[in-house]
Amino acid sequence: MQIKIILYCPDCQSAKIKKNGKKSYKKQNFLCKNCGRQFIGDHALSYKGCLSSLNRKILKMLVRGIGIRDIADIEQISINKVLSALVHSTHKIKPKQQHYDKLEVDEFWTYVGKKKNKVWLIYAYHRATGEIVGYVWGKRNYKTAKKLRDKLKSMSISYDAVYTDKWDSFIAVFQQDNHIIGKENTKGIEGNNCRLRHRIRRAFRKTCCFSKKLFNHFKAFDLAFFYINYGFI
Ligand SMILES: [Zn+2]
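None of the values given here were measured: they were computed from a predicted structure.

Draft legend 1. Broad picture of the coordination of the zinc ion. Binding of the zinc ion to the protein goes through Cys9 (SG), Cys12 (SG), Cys32 (SG) and Cys35 (SG), at separations of 2.2 to 2.3 Å. Taken together, the 4 donor atoms coordinating the zinc ion span angles of 105 to 116° at the metal, a pattern that classifies the geometry as tetrahedral. In the primary structure, the donors to the zinc ion are separated according to the pattern C-x2-C-x19-C-x2-C. Here cysteine 9 is found in the segment before β1 (17-22), whereas its partner cysteine 32 is found in strand β2 (residues 28-32), with 23 residues between them in sequence. Note on accessibility: cysteine 9 and cysteine 32 belong to one class, buried.

Structure representation (structure tokens):
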């Protein structure tokens with residue numbers, strides 16, 4: 001019996017593969033003629049952490065509310081492998097429009113390391129398209145709120161009206177804009193806050209999962225925002 005396996009390059013997905021000698025541990029080595037990547041086929045791997053489709057799967061699980069340790073256990077891989085997939089992800093959102101009719105802005109509480117170490121997310125959301133337009137991190141103060149407005153300006157985004165709750169800093173920051181205050185108008189972003197708490201394990205309430213590193217914390221949110229904006233979740 002002969003079984004035929006078609007190999008693709010794990011990096012560039014090219015099918016132009018040639019044999020390239022044996023590894024010291026006797027496994028067949030392959031070389032991608034397109035990008036020069038050397039690899040062993042998925043069928044011959046002993047450690048599942050090297051499966052070429054795994055990274056995508058890990059990222060998807062991370063934005064589906066599954067914790068780092070759970071993923072490591074389900075996939076039979078190391079915790080470091082899961083963290084490395086997160087740390088090396090390079091997802092950043094870009095605004096899809098230059099002009100928005102209504103933007104909702106709100107703050108979102110998270111913490112890193114311990115509950116006292118608060119890290120606030122302030123972000124702008126477009127309810128009609130469900131898009132996260134821009135976000136900044138910092139303390140819950142005027143400076144961070146202003147950072148968001150400055151960021152929107154620096155991306156040359158304009159808007160007809162901005163909706164927030166009646167927090168003093170929002171009132172001060174958006175006073176030159178058409179600023180509308182009231183809970184009624186921020187239902188969209190409140191709903192999105194709920195989605196973030198469901199999707200990002202480290203943002204769950206009353207859980208023992210939390211971020212230890214600020215860098216990984218930011219990465220987890222970058223990833224979730226990208227997946228939300230581009231319809232993956
Ligand atoms: Zn390749």
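Draft legend 2. Representation of the environment of serine 53 in the model. Following the sequence through the fold, serine 53 ends up in the loop between β3 (38-39) and α1 (54-62). In sequence terms serine 53 and arginine 202 are 149 residues apart; their C-alpha atoms lie 24 Å from each other.

Draft legend 3. Quick peek at a positive patch on the surface. Together, Lys139, Lys143, Lys147 and Lys151 line one region of the surface with positive charge. Structurally, lysine 147 is set in helix α4 (residues 142-154).

Draft legend 4. Looking closely at unusual backbone geometry. Phi is positive for glutamine 76, which is not a glycine, with a value near 60°. Of note, glutamine 76 is situated in the loop between α2 (68-75) and α3 (79-87). Here glutamine 76 falls in the exposed class, since its relative accessible area comes to 53%. For serine 156, which is not glycine, the phi torsion reads 45° and is therefore positive. Locating serine 156 in the fold gives a position in the loop between α4 and β7 (158-164).

How each quantity is defined
- Every chain begins its residue count from 1, and numbering advances along the sequence as written.
- The predicted origin of the model limits local features to residues at a pLDDT of at least 70 and limits the giving and counting of side-chain atom pairs to 80 or more, whereas totals for whole chains, interfaces and linings rest on all residues.
- Only heavy atoms go into the side-chain values, all of them from the structure, while hydrogens and water stay out.
- The rule for donors is simple: an N, O or S atom within 2.8 Å of the metal counts, and for Na, K and Ca the reach is 3.2 Å. Water is not among the atoms, so a site may look short of donors.
- Square planar and octahedral sites, with four and six donors, are those where opposite donors lie more than 155 degrees apart and all other angles lie between 65 and 115, tetrahedral sites have four donors with every angle between 85 and 135 degrees, and the rest are irregular.
- Secondary structure elements follow DSSP: runs of H or I no shorter than four residues count as helices, runs of E no shorter than two count as strands, and numbering proceeds from the N terminus.
- Per-residue accessibility, obtained with a 1.4 Å probe over protein chains only, is compared with the maximum for each type, and a residue is labelled buried under 20%, exposed over 50%, and partly exposed between these values.
- Patch rule: a residue counts if its relative accessible area is over 30% and it has no salt bridge; like charges are joined within 9 Å, and nonpolar side chains (Val, Leu, Ile, Met, Phe, Trp, Tyr) within 5 Å.
- Exposure was quantified through the Shrake-Rupley algorithm and a 1.4 Å probe, taking into account, for residues, occlusion by the shown protein chains and nothing else.
- Salt bridges, as used here, are contacts in which a Lys or Arg side-chain nitrogen is within 4 Å of a carboxyl oxygen on Asp or Glu.
- His is not counted here, nor are the chain ends, while Lys and Arg score as positive and Asp and Glu score as negative.
- Lysine's charge is taken at NZ, arginine's at CZ, aspartate's at CG and glutamate's at CD.

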